[in-house]
Structure formats: C-alpha cells, structure tokens
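Residues per chain, in single letters:
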Amino acid sequence: MGKILIVEDEVAISDLIKIGLSAQGYQCECANDGEMAANLMEQKSYDLILLDVMLPKIDGYELLEYIRQTRQTPVIFITAKSQTKDKIKGLKQGADDYITKPFEIGELVARVEAVLRRFHKASDSIEIGNIIINVVARSVKNGNKKIELTPKEFDLLLLLVQNKNIALYRNVIFEKVWGEELEFETRTLDLHIQRLRKKLGWKDKIKTVYRIGYMLEV
Ligand code: CA
C-alpha cells in the first residue's frame, strides 16, 4: 500500500505518526535525524517522506534539496506553528504539502492519501517502444519530440493501447471513440487509423484484421 519514511526527532510525535499510519496499512520507518534519514534513503526506496523542518545534523531544507536532486518521491513537510515562513520556503523548494504541529492524526492520514493519489495520477503514462503516452495530460511523445494528435486520434490510440494484442471490431472501436456523435461511417475510422500509423510510425504495429477491424500488435 505504501512505504513511508518518517523523519522527526521528537520521538513522541514520530511514534504517534507511525501508529496512525500503520493502522491504515502503511509500512513506516523512522529516522531521528537528517543523517539517518539520508542513509535510509540510500539503502531503500520509499513512496512518501514525512519531513520535519528542524532536525539535528542535517535539517529539513537541506534534506529536501538532496531529495529533489536525486528522486521524485513526494514529500510532506512537518512544521511548527510559529514557522509560517518555513511552509512557504518548503513548498517553493518542492515539498508536495505541509502540515503544522500539533495536528490530528486523521488530518495527516488524509494529506498522505491525497499526495499519494496526486503523485500516482501524474505519473500515469504508458510507454510502447519510443512512444510515451501521458493519459492525464493527453499528450504523446516520440522520445523527446511531441506528436500532435486530434482528440479523436488520441482516444483511438488509447483504446488500441489499452487493448493491445486484441483484435477490436470496427463497430466497437467506432462506438467507443465516436459514441453517438456520428452514424457509423467506415471511412472516418480508416482515415484516423491511417493518420495514427503515420504520425507514430506504427505502420506495422497497427494491423488490419481481416473482416474484424484493427489490432495494436506489440
Ligand atoms: Ca524537530
């Protein structure tokens, strides 16, 4: 469900967080100072890091800078009530959210869930060969080069990709991509397939299946 690193030097708070998150099914590990946190990060990978600002040895800002240079792991800053400036600084440096001490454990759990959800959504991309499809941004790239697709071309591509190696019937494709908008019109579908093949360089990958329709073969 998720592995979380808790970086907090106040053991009472650290324990409270660990108990609360463990009860929700998260796997938690604790680091009591910045150095220990850095060492743990070197050895293991985490899905999320809870990071106190004021820490012995290496402070939260320094650690956040290090995290941002080396990995994409989402970070929630833990700040004291008096440190309003810290929140802003933390967010500017790339923290995904912050929570102010003292907090209810329920609020922390909700923030952890929200950040993880957002993070997974953002990384929602599909790769086939050199082609990278970002489902959320609805963008397609060939390596670093952006490929411009019309909305219908994108929908058609997504349908093929999500059903790869399955022969799709023409009428099924038409219904899913065009819905009720148009009367079934053979040429529209064929033209879109032709353009996708050309734009993606998928002449061989998108197969015509005799008497059925089309299939993406990968
Ligand atoms: Ca502290």
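What you are looking at is a predicted structure, and each value in this text was computed from that prediction instead of being measured.

**Student:** What is the right way to look at the overall build of the protein in this model?
**Tutor:** Regarding its fold elements, the protein presents eight helices and 12 strands. For the protein, whose C-alpha radius of gyration is 24 Å, the value lies well above the compact-globule estimate of 17 Å for 218 residues. Counting only residues that meet the buried cut, the protein has 42% of its 218 residues in that class. Nonlocal contacts in the protein, meaning residues at least 24 apart in sequence, comprise 52% of its contacts between residues at least 6 apart. A total of about 12,500 Å² of accessible surface is found on the protein, and carbon and sulfur atoms cover 50% of it. Of the charged side chains in the protein, 33 are positive and 32 negative, and the gap between their average positions amounts to 8 Å.

**Student:** Would you explain the pattern of salt bridges in this entry?
**Tutor:** Side chains bearing opposite charge may pair, as long as their charged atoms lie close to each other. For the structure on display, the rule yields 15 salt bridges. Close ionic contact of Arg138 with Asp155 constitutes a salt bridge, the shortest N to O distance being 3.0 Å. With Arg138 in the loop between strand E7 (131-134) and strand E8 (139-142) and Asp155 in helix H6 (residues 151-162), this pair connects stretches of sequence that are 17 residues apart. The partly exposed category is assigned to Asp155, whose relative accessible area is 26%. Put simply, Glu148 and Lys146 hold a salt bridge, and the shortest N to O gap is 3.7 Å.

**Student:** Just to check I follow, could you spell out the environment of Arg195 for this structure?
**Tutor:** Relative to the elements of secondary structure, Arg195 occurs in helix H8 (residues 186-200). Arg195 gets classed as partly exposed once you look at its relative accessible area, which sits at 36%. Taking the C-alpha atoms as reference, Arg195 lies 9.1 Å from Leu149; in sequence the two are 46 residues apart.

**Student:** Before we go on, may I ask you to explain the coordination of the calcium ion in this structure?
**Tutor:** Six octahedral donors around a metal ideally make angles of 90 or 180 degrees; four tetrahedral donors ideally make 109.5 degrees. The coordination sphere of the calcium ion, as far as protein atoms go, consists of Asp9 (OD), Asp52 (OD) and Met54 (O), spread over 2.1 to 2.3 Å. All donors of the calcium ion belong to a single chain; written as a sequence motif, their spacing is D-x42-D-x1-M. Residue Asp9 is found in the loop between strand E1 (3-7) and helix H1 (11-23), and its partner Met54 is found in the loop between strand E3 (48-52) and helix H3 (60-70); the two are separated by 45 residues along the sequence.

**Student:** Is there a simple way to think about the state of the cysteines in this case?
**Tutor:** Disulfide: a covalent bond connecting the sulfur atoms of a pair of cysteines. Throughout the structure, instances matching the rule amount to zero disulfides. In this model Cys28 remains outside any disulfide bridge; the closest cysteine sulfur is found in Cys30, 6.9 Å from its own.

Parameters at a glance
- Residues numbered from 1 in each chain as written.
- Predicted model: local features only at pLDDT ≥ 70, side-chain atom pairs only at ≥ 80, totals over all residues.
- Heavy atoms only, no water.
- Helix = DSSP H or I, 4+ residues; strand = E, 2+ residues; numbered from the N terminus.
- Rg over C-alpha atoms; globule rule 2.2 N^0.38 Å.
- Buried < 20%, exposed > 50% of the residue type's maximum accessible area, 1.4 Å probe, protein only.
- Contact = heavy atoms within 4.5 Å.
- Areas by Shrake-Rupley, 256 points an atom, 1.4 Å probe, with all protein chains shown as cover.
- Lys, Arg positive; Asp, Glu negative; His and termini not counted.
- Charge placed at Lys NZ, Arg CZ, Asp CG, Glu CD.
- Salt bridge = Lys/Arg side-chain N within 4 Å of Asp/Glu carboxyl O.
- Donors = N, O, S within 2.8 Å, 3.2 Å for Na, K, Ca; no water.
- Disulfide = S-S within 2.5 Å.

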